[in-house]
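Observations on the model geometry
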Amino acid sequence: MNPFSSGTHLRDMIRAIRACKTAAEERAVVRKESAAIRAAVGDNDNDYRHRNLAKLMFIHMLGYPTHFGQMECLKSIAAPGFPEKRIGYLGLMLLLDERQEVLMLVTNSLKQDLNHTSQYIVGLALCALGNISSAEMARDLAPEVERLLQFRDPNVRKKAALCSIRIIKKVPDLAENFVNPVASLLKEKHHGVLLTAIQLCAELCIISEEALEYFRKKCTEGLVKVLKDAVNSPYAPEYDIAGIADPFLQIRLLRILRILGHGDADASDFMNDVLAQVATKTESNKNAGNAILYECVETIMSIEDSGGLRVLAINILGRFLSNRDNNIRYVALNMLMRAISIDGQAVQRHRATILECVKDSDASIRKRALELVYLLVNESNVKPLTKELIDYLEVSDQDFKGDLTAKICSIVEKLSPDKMWYIDQMLKVLCEAGNHVKDEVWHALIVVITNASNLHGYTVRSLYRAIQTSVDQEAVVMVAVWCIGEYGDLLVNNSGMLDIEEPITVTENDAVDAIEVAIKRHTSDLTTRAMCLIALLKLSSRFPSCSQRIKDIVTQSKGSLLLELQQRSIEFDSIIAKHQNLRSALVERMPVLDEATYSGRRTNSLPATVSTSQGNTLQLPNGVSKTVDTPLLDLLDLSGDEPAPPNSSGDNFLQDLLGGDIMSSLSQSGTTQPQKSGADVLLDLLSTGSPPTQNGTSAAGLSSIGQDNKTSVSELNSLSSSIVPSERKSPAGGFPIMDLLDGFGPNPPMPKNNGPTYPPLVAFESSSLNLTFYFSKQLGSPQTTIIEASFTNKSSEVYTDFIFQAAVPKFLQLHLEPASSNTLPGSGNGSITQKLRVTNNQHGKKSLVMRIRISYKLNNKEMLEEGQISNFPRDL
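Here the structure is a predicted model, which is why all the values come from computation and not from measurement. (Residues numbered from 1 in each chain as written. Predicted model: local features only at pLDDT ≥ 70, side-chain atom pairs only at ≥ 80, totals over all residues. Heavy atoms only, no water.)

On a plain count of helices and strands, the chain comes out with 37 helices and 15 strands. The buried share of the chain, taken over its 876 residues, is 49%. A separation threshold of at least 6 residues defines the contact pool for the chain, and within that pool the share at least 24 residues apart is 67%. Carbon and sulfur atoms provide 51% of the accessible area of the chain, an area that totals close to 42700 Å². (Helix = DSSP H or I, 4+ residues; strand = E, 2+ residues; numbered from the N terminus. Buried < 20%, exposed > 50% of the residue type's maximum accessible area, 1.4 Å probe, protein only. Contact = heavy atoms within 4.5 Å. Areas by Shrake-Rupley, 256 points an atom, 1.4 Å probe, with all protein chains shown as cover.)

Here you go:
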């Protein structure tokens, strides 16, 4: 017989394909076999149709096209015998899917087979329908499937229930037709039927709220009884797995009880006793028992339950953490992460075991345990947990240090009880894994150090010790270099010595030695060396006796291949040698950096932008406005490593430095004016006035931060006036210029809007605080109101960390600009002002209304005042 004739057996074709040594030989065999099958199809060969279909299915599984045999499946299904139907339905499920138009031709055959007298043929039809049913087929055949749910044979009922799941997923509108039949199936004794009925019940509850309520009332008690019988049932060999009676049924029952009990206290009450039995009676020394316990814990966490049962569930998870199986420990950690929001105190009891999981050899368990520890940390346990994590940091794998340091730094930043503890912990992290921390971490550390004036000496001494032992950690070197440059005199003089410190003797030459070692270290990057040059320039003023030595060190970088270092070296050498009268002013100690502003920029609440003269804005990632490389900006240490924007030139660097876009503002106000050179801008900046603008129109002011932000509820931390300079309008009505005196000059006058005037409104007044609103409108925008809020402190105490928040209804849009300060002097000796822009979308119909909240610190104690303002003028 021809080995490739249609009469050959399937095994012969498989043997021929497996004998092929190359892909080309395999394709040749498949091509010949496919040709033989096509010939048999064309001849309508009924004798070998089942063999041809079997071969086609194997060829299909190999990935070759078999569309030419689809009609053969339909012919086999239409045959009267069971063998032909079986191979036909098998081919139908493999070779076709619900998107094939040919499938519509089989609907009538399926309907006939669903009504067949043989239960085996009915089972074939149900199996095929459950696998490839389309929405149209589901609608046509749903009545037959619903009837078969009550069939005499349990195997048919089981397959009908699984087929019903496919039908209600394809046509959710048919779900209500299956509710009553499912309720009767849930009383079945046959475990197979009961399993499929529970699956169908779960799908109905997900699809239909009415079905969920029906099953809660009618079936909860019965399902609880079934689960109780399964837990307490004696040994049954047909259902026993590892000594547990039908764990698959128990898991399905726990899942449906979870659905029924979620959000319903009455249904949850029915389940408490049986869940306690499952949790206490199920043995955990076998995998089947662990699976049941896990589902039981999931159900307890999902239903409306009392705390006692939840504690029991969390204790089960604690036992899981001690299991040797990595999978069991991993799912326990996942579940504990969800349980923290439900009962955090119970999870805290297993803190020691969770910490041990952080040290596990499995990387996935380490990472998940670290995330869980991060969620466990609070004000009461931050110190011991941080100590444990830092101790482990010393011995952890290099691959894990990055994640571990990120979590430790985040914990320390969020929950540090005081600045000294914060500095100590961050130094430990930097010493152990300084090369793994992000730049934002040591930037934030420097901000905190500048704010801890009483710890400057302690910090610089600690960093000096650290740089001696951890010179290979780049972040430690950068922070230490910065602090030695700023507070080197405190290091040498032992100023601000604390009782807990060990005495240390550091000479001026020792401090310079530390910087010299850092700048000459071959592994130091550009940023570190640039910081070293700046630190040396500062020390040349603080240590006059070492000035010549410092000059020699700085001069060594004049020949550097890195242009940045070369330029800094030349400039700083010139300052040390020729401009000693300017040096002390240039290297004065850095002002205190505003922590609130820096935190806001890190969380993207304050956009850091640079405006260019072409009206474009550059978004910078680190929250610092950087401009083009020019000698003046390099001297001020304002240039960065980033290349200059293509649309920015040296002529407008002063505009960029001030963050104001003069030409953009002019274009917005409808007035055009020729672009000015850098010299003209400088003249305008230093003059008391500027020429009047063309067409008699004054230029618009600088764009406010967050101008496009429109929300119903606005919250923005107040910014220091040293960070956000005030605007001043020139007397001649020209360009707005920045107040270079930083608040030391007279208060700038309010801009004239030429709109209607309104009397001031005392919006809020208490025994210690007064809030007054001043209103103005711009012509052409009656729906927009500009409000200037003025806060006055009537008490004798100073309020710090002052924050004003406001909320308005949905028909209003509110935008808060930064406040003038975050410190409110006492006894009415000063005030804080903040502008609000309110847009009334129903102007003329509804008046303004606003809820306000004012928070501040009084002697380091948090204070909060709230109120509602509804007495605004009606025409606002």
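More follows now that the structure is in view.
Our next topic: the nonpolar core. Formed by 205 residues in total, the largest nonpolar core has its most connected members in Leu92 and Phe215. If one sorts the elements of this core by residue count, helix α27 (residues 474-493) sits on top with 13 residues. Not counting the four nearest positions on each side in its chain, Phe215 is found in contact with Val179, Val182, Ala183, Leu186, Cys201, Leu204, Cys205, Thr220 and Leu260. (Core = buried A, V, L, I, M, F, W, Y, C linked by side-chain atoms within 4.5 Å.)

Let us now look at the environment of Leu769. As for its placement among the helices and strands, Leu769 is situated in strand β9 (residues 769-776). As for Leu769 and Thr792, which are separated by 23 residues in sequence, their C-alpha atoms are 5.9 Å apart. Aside from chain neighbours lying at most four places away, what touches Leu769 is Phe764, Thr792, Lys794, Tyr799, Phe802, Leu824, Ile854, Tyr856 and Glu865.

In the Ramachandran plot, Asp246 falls in the positive-phi region, its phi being about 45° despite a non-glycine side chain. If you trace the backbone, Asp246 turns up in the loop between β2 (244-245) and α14 (247-261). Unusually for a residue other than glycine, Asp801 sits at a positive phi of about 50°. Considering the arrangement of structural elements, one finds Asp801 in strand β11 (residues 800-807). Classification of Asp801 as partly exposed rests on a relative accessible area of 38%.

Time to look at the confidence of the model for the chain. Looking at the chain as a whole, the pLDDT averages 81, with 81% of positions reaching at least 70. Under a pLDDT of 50 for its full length, residues 1-5 has, in the predicted model, 12 contacts with residues more than four places off or in other chains. When the criterion is pLDDT under 50, residues 605-753 qualifies, and its contacts beyond four places in sequence or with other chains add up to 234 contacts. (pLDDT = per-residue confidence, 0-100.)

Here the focus is helix α17 (residues 307-321). The terminal C-alpha atoms of α17, which comprises 15 residues, lie 21 Å apart, in line with the 21 Å expected from a rise of 1.5 Å per residue. Among the residues of α17, those classed as buried are Leu309, Arg310, Ala313, Ile314, Ile316, Leu317, Gly318, Phe320 and Leu321. The secondary structure elements touched by the buried residues of α17 are α15 (265-281), α16 (287-302), α18 (326-339), α19 (344-348) and α20 (351-358). (Expected span 1.5 Å × (residues − 1).)

Another point: the environment of Tyr799. Here Tyr799 lies in the loop between β10 (784-793) and β11. The residues contacting Tyr799, other than those within four sequence positions of it, are Ser768, Leu769, Asn793, Asn822, Thr823, Leu824, Tyr856, Lys857 and Leu858. Side-chain polar atoms of Tyr799 contact the side chain of Ser768, separated by 3.3 Å. In this structure the side chain of Tyr799 is engaged in a polar contact, spanning 3.1 Å, whose partner is the side chain of Ser795. (Polar contact = N/O pair within 3.5 Å; in protein donor to acceptor, adjacent residues only side chain to side chain.)

Let's shift gears to the packing of aromatic side chains. Considering all chains together, one arrives at 11 aromatic pairs under this definition. Seen in terms of ring centroids, Tyr214 and Phe215 are 5.8 Å apart; in terms of plane orientation they differ by 75°. Their pairing is edge-to-face. Judged by relative accessible area, which is 27%, Tyr214 ranks as partly exposed. When its relative accessible area of 0% is taken as the criterion, Phe215 is described as buried. Considering the side-chain rings of Phe791 and Phe802, the 5.1 Å spacing of their centres and the 65° angle between planes classify their relative orientation as edge-to-face. With Phe791 in strand β10 and Phe802 in strand β11, this residue pair connects regions lying 11 residues apart in the sequence. Here the two residues Phe791 and Phe802 agree in accessibility, since each one is buried. Among the aromatic side chains, those forming a connected cluster through ring pairs are Phe791, Tyr799, Phe802, Phe804 and Tyr856. For Arg38, the ring lying beneath its charged end belongs to Phe68, and the centroid distance is 4.3 Å. (Phe/Tyr/Trp six-rings, centres within 6.5 Å; stacked < 30°, edge-to-face > 60°. Lys NZ or Arg CZ within 6 Å of the ring centre and 35° of its normal.)

Across the 10 residues that make up β10, a large majority, nine, are buried. The pairing of β9 with β10 spans eight bridges and is classified as antiparallel. When the sheet's bridge partners are listed, Leu771 is paired in β10 with Phe791. For β10 and strand β13 (residues 831-840), the ladder comprises nine bridges, and the chain directions are antiparallel. Along β13, the bridge assignment pairs Thr784 with Thr839. (Pairing = 2+ DSSP bridges.)

Here the focus is α15. Given a rise of 1.5 Å per residue, 17 residues ought to cover 24 Å, and the 25 Å separating the end C-alpha atoms of α15 matches this to within 8%. Largest kink in α15: about 40°, centred on Met271. Residues of α15 that are buried sit in contact with α13 (220-232), α14, α16 and α17. (Bend = angle between axes of the 7 residues up to and from the residue.)

Our next topic: the sheet that holds strand β8 (residues 761-765). Sheet architecture is open: five strands sit in the order β8-β9-β10-β13-β12, paired in antiparallel fashion. Strands with a single pairing partner mark the edges of an open sheet, and in this sheet they are β8 and β12 (812-816). Strand-to-strand twist across the sheet, computed as the mean angle between neighbouring axes with direction ignored, equals 25°. (Axes fitted to C-alpha atoms, helices over the stretch in contact; angles between N-to-C directions.)

Evaluation of the coordinates by the stated rule reveals 31 salt bridges. Residue Lys169 pairs with Glu203 through a salt bridge whose shortest N-O separation is 4.0 Å. Here the residue Lys169 occupies a position in helix α9 (residues 154-170), and Glu203 occupies one in helix α11 (residues 191-207), the gap between them amounting to 34 residues. Its relative accessible area of 53% is what places Lys169 among the exposed residues. Connected through salt bridges with shared partners, the residues Asp513, Glu516, Lys520 and Arg549 form a single ionic network. (Salt bridge = Lys/Arg side-chain N within 4 Å of Asp/Glu carboxyl O.)

To continue, consider a negative patch on the surface. Judged by side-chain charge, Asp173, Glu176, Glu209 and Glu210 come together as a negatively charged surface patch. Here Glu210 is to be found in helix α12 (residues 209-218). (Patch = residues over 30% accessible without salt bridge, like charges linked within 9 Å, V, L, I, M, F, W, Y side chains within 5 Å. Lys, Arg positive; Asp, Glu negative; His and termini not counted. Charge placed at Lys NZ, Arg CZ, Asp CG, Glu CD.)

Here we come to the side chain of Arg258. Along the chain, Arg258 turns up in helix α14. Here Glu295 takes part through its side chain, which lies 2.4 Å from a polar atom of the side chain of Arg258. Contact partners of Arg258, with chain neighbours within four places excluded, come to Glu295, Glu298, Thr299, Ser302 and Ile303.

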